[in-house]
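# Coordinate analysis (summary)
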Amino acid sequence: MNKVIEIFKQITSIPRCSQNHQPFIQYMQEFARQNNYECYIDDVNNILCKKQNSKAKLCLQSHYDIVCLQENKIPQIIQDGDFLKAKDSTLGADNGIGCAMMMALMIEQKDCEYLFTSDEEIGLIGANDIGFELDSKYMLNLDSEAQGEICIGCAGGIDIFATSTNKQTVTNNTNKTLYSITLDNLDGGHSGVDIDKNIPNAIKLVAKSVKEANATLLDINGGQRINSIPKSCSAIVASNNKPKPTHKNMPIEQIDTVSDHYSALDDKVIDFIYSFANGIRSYDKNLNVVQNSINLALIQTKPDNVKISLSARSMDNDELENLCNETICLLELCNFEVSTNGKYPAWKPVQNDFTQKVLDIYKKHIPTASLEAIHAGLECAIFKQKYPNIQITSIGPNIYFPHSNRETVELSSVDTIYKIVRDIVDD
């Protein structure tokens, strides 16, 4: 484990926020050269390392970009007993630990194909546009986040973007008072794997305060990333009644400025946010996983509009389409212009020779190991379409609350998973 963690700490010092490719590419080119591997880069900044004249049957795959809640933030690692976390930022264990395991195996000179993909966190861009042909018969993805679970299926997803341009200048005939509402330091989390943990959504809580005061919304900004549960939100409102806080971390202060006129957002903006059914929509008891969910992730007010971003997920492609269409219809009824982007398919759970092999090896280390599906997007779904003859499964160590400042990885779990990965490689 020490080797994996040492490598992880080294690559954590390299800027790896999504869309920042060159520092890690340059690092990997030199790392591959030192360890006698060929290193290839495709047009979308994916990295493939392999031995010259390789006879590899197994491809190990991880994405190298990380979620940065602050642009260009490099995590400052803190060890707390058996856990690593970061000071006031995401840790990047998702998926830096997977990358570190692959690099450790490269140091051991294991003859595999090592695929490091780009920009997974902003729409699985590297996987979608990959430019490599792979020779392997099997792929082991290292982006799962629960020890004991072998992932053989995942949710598909789509991002929904809505814009309202119906701002208007309102005369303050009833002498409404201006108030600022601020909500910060909520837990946040991954909008897929954490959507069932009852983590409060800051945008929804602020909207509740505004709506229940019958206030006029002038400005609202909240959320950090499209794939994160928003941990902060702020708003400015005009109201005859002081809004009531809906969370203990929500100070509401009067603004002393007296205004005869103010620029107000369309009332349907707050109506939509307040009434929108955020979170889990259905649950699959057979797979023991969330079936459908949607997260109101971002809202931003600009001089001439307000923009909302949502992330929908489903374990079924047809149900994802329905969820998307229903949400678009609701947004359009509330006077929004709507577009979508970043769609990726669900990975239907399938058992095959490779999943059985991984399960048998895994059970030698953890007898209770099981085959599972996850309510989050994995690149496996895309690779299954692009490489239909490759058998794919996914494993990983215990990583808690990815995509948030609370992200932690369990060191003993990293040790266990690396032993399992090494056994799979050697089998």
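One can find the structure itself at the top, above this paragraph.
Residues numbered from 1 in each chain as written. Predicted model: local features only at pLDDT ≥ 70, side-chain atom pairs only at ≥ 80, totals over all residues. Heavy atoms only, no water.

## Some remarks on the state of the cysteines
In a disulfide, the sulfur atoms of two cysteines are held together by a covalent bond. For the structure shown, the criterion picks out 1 disulfide. Two residues, Cys-17 and Cys-68, share a disulfide whose sulfurs are 2.1 Å apart. Its torsion about the S-S bond being -90 degrees, the disulfide of Cys-17 and Cys-68 is classed as left-handed. Taken together, the positions of Cys-17 in the loop between helix H1 (2-12) and helix H2 (22-34) and Cys-68 in the loop between strand S3 (58-63) and strand S4 (77-80) put the pair 51 residues apart, joining distant regions of the chain. (Disulfide = S-S within 2.5 Å. Helix = DSSP H or I, 4+ residues; strand = E, 2+ residues; numbered from the N terminus.)

## Re the environment of Ile-47
Looking at where Ile-47 falls in the secondary structure, it is placed in strand S2 (residues 47-50). Note on Ile-47: relative accessible area 0%, which makes it buried. A sequence separation of 76 residues divides Ile-47 from Gly-123, and the C-alpha atoms of the two residues are 17 Å apart. Leaving out residues up to four positions away in the same chain, Ile-47 has contacts with Phe-24, Ile-25, Met-28, Cys-39, Tyr-40, Ile-41, Tyr-64, Tyr-114, Leu-115, Phe-116 and Phe-132. (Buried < 20%, exposed > 50% of the residue type's maximum accessible area, 1.4 Å probe, protein only. Contact = heavy atoms within 4.5 Å.)

## A closer look at the packing of helix H3 (residues 93-107) against helix H10 (residues 411-426)
Where H3 meets H10, the axes come as close as 11 Å, and the angle between the chain directions of the two elements is 50 degrees. Judged on the interaxial angle alone, H10 and H3 are oblique. Here H3 and H10 pass one another in a crossing that is right-handed. For the pair formed by H3 and H10, the contact residues are Ile-97, Met-101, Ala-104 and Leu-105 on the first element and Val-414, Ile-417, Tyr-418, Val-421, Arg-422 and Val-425 on the second. In terms of residue class, the contact of H3 with H10 is made up of 9 nonpolar, no polar and 1 charged. (Axes fitted to C-alpha atoms, helices over the stretch in contact; angles between N-to-C directions. Parallel < 35°, antiparallel > 145°, perpendicular 65-115°, else oblique. Left-handed = near helix turned anticlockwise from the far one by under 90°. Nonpolar A, V, L, I, M, F, W, Y, C, P; charged D, E, K, R; others polar.)

## A word on the sheet that holds S4
The strand order across the open sheet built from 4 strands is S4-S5-S25-S24, with neighbouring strands paired in antiparallel fashion. Only two strands of the sheet have a single partner each, and these edge strands are S4 and strand S24 (399-400). Taken strand by strand, H10 contacts S4, strand S5 (83-86) and strand S25 (408-410), and its axis lies near 55 degrees from that of S25. (Pairing = 2+ DSSP bridges.)

## A word on the pattern of salt bridges
In total, this model carries 16 salt bridges according to the counting rule given. Taking the shortest distance from any N to any O, the salt bridge between Lys-231 and Asp-184 comes out at 3.8 Å. Note that Lys-231 is positioned in the loop between strand S14 (228-229) and strand S15 (233-239) and Asp-184 in the loop between strand S11 (177-183) and strand S12 (189-190), a separation of 47 residues in sequence. With relative accessibility at 33%, the residue Asp-184 sits in the partly exposed group. Residue Asp-196 is joined to Lys-197 by a salt bridge in which the shortest nitrogen-to-oxygen separation is 3.9 Å. On the accessibility criterion, Asp-196 (37% relative accessible area) is partly exposed. By sharing partners, the salt bridges in this structure join Lys-3, Glu-108 and Arg-422 into a single network. (Salt bridge = Lys/Arg side-chain N within 4 Å of Asp/Glu carboxyl O.)

## Overview of the nonpolar core
The tendency in soluble globular proteins is for nonpolar side chains to be buried side by side. If you look at the biggest cluster of nonpolar residues, it comprises 54 residues, and the most contacted ones within it are Leu-60, Tyr-114, Phe-116, Ile-395 and Val-421. Element by element, the count of residues in this core is highest for H3, at 10 residues. Apart from the residues within four sequence positions on either side, Phe-116 is in contact with Phe-24, Met-28, Asn-46, Ile-47, Cys-49, Ser-62, Tyr-64, Cys-99, Met-102, Met-103 and Met-106. One finds Ile-203, Leu-217, Cys-233 and Leu-331 within the second-largest nonpolar core, a separate group that totals 42 residues. (Core = buried A, V, L, I, M, F, W, Y, C linked by side-chain atoms within 4.5 Å.)

## Quick look at H3
Between its first and last C-alpha atoms H3 spans 20 Å; for 15 residues at 1.5 Å apiece the expected length is 21 Å, and the two agree. The buried fraction of H3 is high, at 14 of 15 residues. Following H3 by one or two positions, Gln-109 adopts a phi angle in the positive range, close to 65 degrees. (Expected span 1.5 Å × (residues − 1).)

## Things to note about the packing of aromatic side chains
Within this structure, the stated rule accounts for 9 aromatic pairs. For the ring pair Tyr-138 and Phe-354, a centre distance of 5.0 Å and an interplane angle of 25 degrees mean the geometry is stacked. You can see Tyr-138 sitting in strand S7 (residues 138-141) and its partner Phe-354 sitting in helix H8 (residues 353-365), a full 216 residues away along the chain. Members of the aromatic cluster, each reached through a chain of ring pairs, are Phe-24, Tyr-64 and Phe-116. Note that Lys-51 overlies the ring of Tyr-37, its terminal NZ or CZ placed 4.4 Å from the centroid. If you follow Arg-281 out to its NZ or CZ, it ends over the ring of Phe-276, 5.3 Å from the centre. (Phe/Tyr/Trp six-rings, centres within 6.5 Å; stacked < 30°, edge-to-face > 60°. Lys NZ or Arg CZ within 6 Å of the ring centre and 35° of its normal.)

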